[in-house]
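Observations on the model geometry
Each chain, written out:
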Amino acid sequence: DVQRRLPELTDRLLTVSTIHLPLEDLIHLSRSAQNQLGREAAESMAYLLHGTDERGCMPPPAFRDLRIFPQEYTGTAVVELHYGHLHGGLTAAGRPNGFTIVCDPDKPEAASHIFDVRLHENTVRLYTAYTPERLKGCWLYYGYGCTPYCNITDMAGRSLPAMGPIVLA
């Protein structure tokens, strides 16, 4: 989460997420992943140097804010996250995946409580098994643990930033 927030603390700095890219081994990106990372880093640098131009260069996708509200019929919580700097809307190959909610830090294996994830334009909606009141104080992550599977990108294939813990209030 510190890497995600670095651009807020340092002028003219952008970070590019690799959470969705395939690995060659335990820690190294595959060749195709390195190529994609290079394209995304070049676009970010072009944005820093020239701003948005006719090619549509823009900073990497960024988390904006979230809100929690009860689902109309069940009363269970929906966590709605908003993102900016997207080429087109959000998409996923298969079922959108990568978010985790941890409510008991002593039992991280009992994490999640998310039963559905829906994407709409710049918004991710997480449908949970808990009420909004029960989620207070829980932690939200994108890319939690040692082997996360994160597949949500914008239409240009740029990943949402890994993040967390974000305390749900």
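Presented here is a report on the structure given in the accompanying data block. (Residues numbered from 1 in each chain as written. Predicted model: local features only at pLDDT ≥ 70, side-chain atom pairs only at ≥ 80, totals over all residues. Heavy atoms only, no water.)

1. Looking at the nonpolar core
Heads up, the condition is: For this analysis, a nonpolar core means a set of buried residues of the types Ala, Val, Leu, Ile, Met, Phe, Trp, Tyr and Cys, connected via side-chain atoms within 4.5 Å. Buried, partly exposed and exposed residues are distinguished by accessible area as a fraction of the type maximum, computed with a 1.4 Å probe on protein chains only: under 20%, between the cut-offs, and over 50%, respectively. The helix count covers DSSP runs of H or I at least four residues long, the strand count covers runs of E at least two residues long, and both are numbered beginning at the N terminus. Residue contacts follow a heavy-atom distance rule, with two residues in contact if any of their heavy atoms lie within 4.5 Å.
Counting residues in hydrophobic clusters, the biggest one holds 25 residues, and the most contacted among them are Leu81, Tyr83, Phe99 and Leu140. Looking at this core, the elements with two or more residues in it are strand 2 (77-84), strand 4 (99-102), strand 5 (114-120), strand 6 (123-128), strand 7 (139-142) and strand 9 (163-167). Here the element with the most residues in this core is strand 2; it accounts for four residues. With residues near it in sequence (within four places) discarded, Leu140 still touches Leu66, Val79, Leu81, Phe99, Thr100, Ile101, Leu126, Met163, Gly164, Pro165, Ile166 and Leu168.

2. Some points on the state of the cysteines
Cut-off, in case you're wondering: Two cysteine sulfur atoms make up a disulfide if the distance between them is within 2.5 Å.
Summed over the entire model, instances satisfying the criterion amount to one disulfide. Disulfide pairing places Cys103 opposite Cys138 at an S-S distance of 2.1 Å. In this structure, the disulfide formed by Cys103 and Cys138 twists by about 110 degrees around the S-S bond and is classed as right-handed. Of this pair, Cys103 sits in the loop between strand 4 and strand 5 while Cys138 sits in the loop between helix 3 (132-135) and strand 7, and the two are 35 residues apart along the sequence. Take Cys103 and Cys138: they sit in the same class, and that class is buried. Lacking any disulfide linkage, Cys150 is separated from the closest cysteine sulfur, that of Cys146, by 13 Å. The class of Cys150 is buried, set by a relative accessible area of 3%.

3. Concerning the sheet that holds strand 9
Let me state the cut-off plainly: By definition, two strands form a pair when at least two bridges between them are found by DSSP. Throughout, an axis means a line fitted to C-alpha atoms (over the contacting stretch in the case of helices), and angles, computed between N-to-C directions, take values from 0 to 180 degrees.
Spatially, the three strands line up as an open sheet ordered 4-7-9, and their pairing is antiparallel. Either end of the sheet is taken by a strand with one partner, and the two such strands are strand 4 and strand 9. On average, adjacent strands in this sheet sit at an angle of 20 degrees to one another, irrespective of strand direction. Both strand 7 and strand 9 contribute to a ladder of three bridges, which runs antiparallel. When the sheet's bridge partners are listed, Leu140 is paired in strand 9 with Ile166.

4. Digging into the sheet that holds strand 6
Pairing in this open sheet of four strands is antiparallel, and the strands run 1-2-6-5 from one edge to the other. Each edge of the open sheet carries a strand with a single partner, namely strand 1 (62-70) and strand 5. Along the sheet, successive strands turn relative to each other by an average axial angle of 20 degrees, direction set aside. Sheet topology places strand 5 next to strand 6; six bridges connect them, and they run antiparallel.

5. Brief notes about unusual backbone geometry
Gly164 connects to Pro165 through a cis peptide bond whose omega is 5 degrees. Of note, Pro165 is situated in strand 9. Within the chain, Arg12 stands out as a residue other than glycine whose phi angle is a positive 55 degrees. Take Arg12: it is sitting in the loop between helix 1 (2-9) and helix 2 (31-50). Take Arg12: its relative accessible area is 59%, and that puts it in the exposed class. Its identity as a non-glycine residue notwithstanding, Glu121 has a phi of 50 degrees, on the positive side. Within the secondary structure, Glu121 sits in the loop between strand 5 and strand 6.

Treat this as a map of the structure, not an account of what it does.
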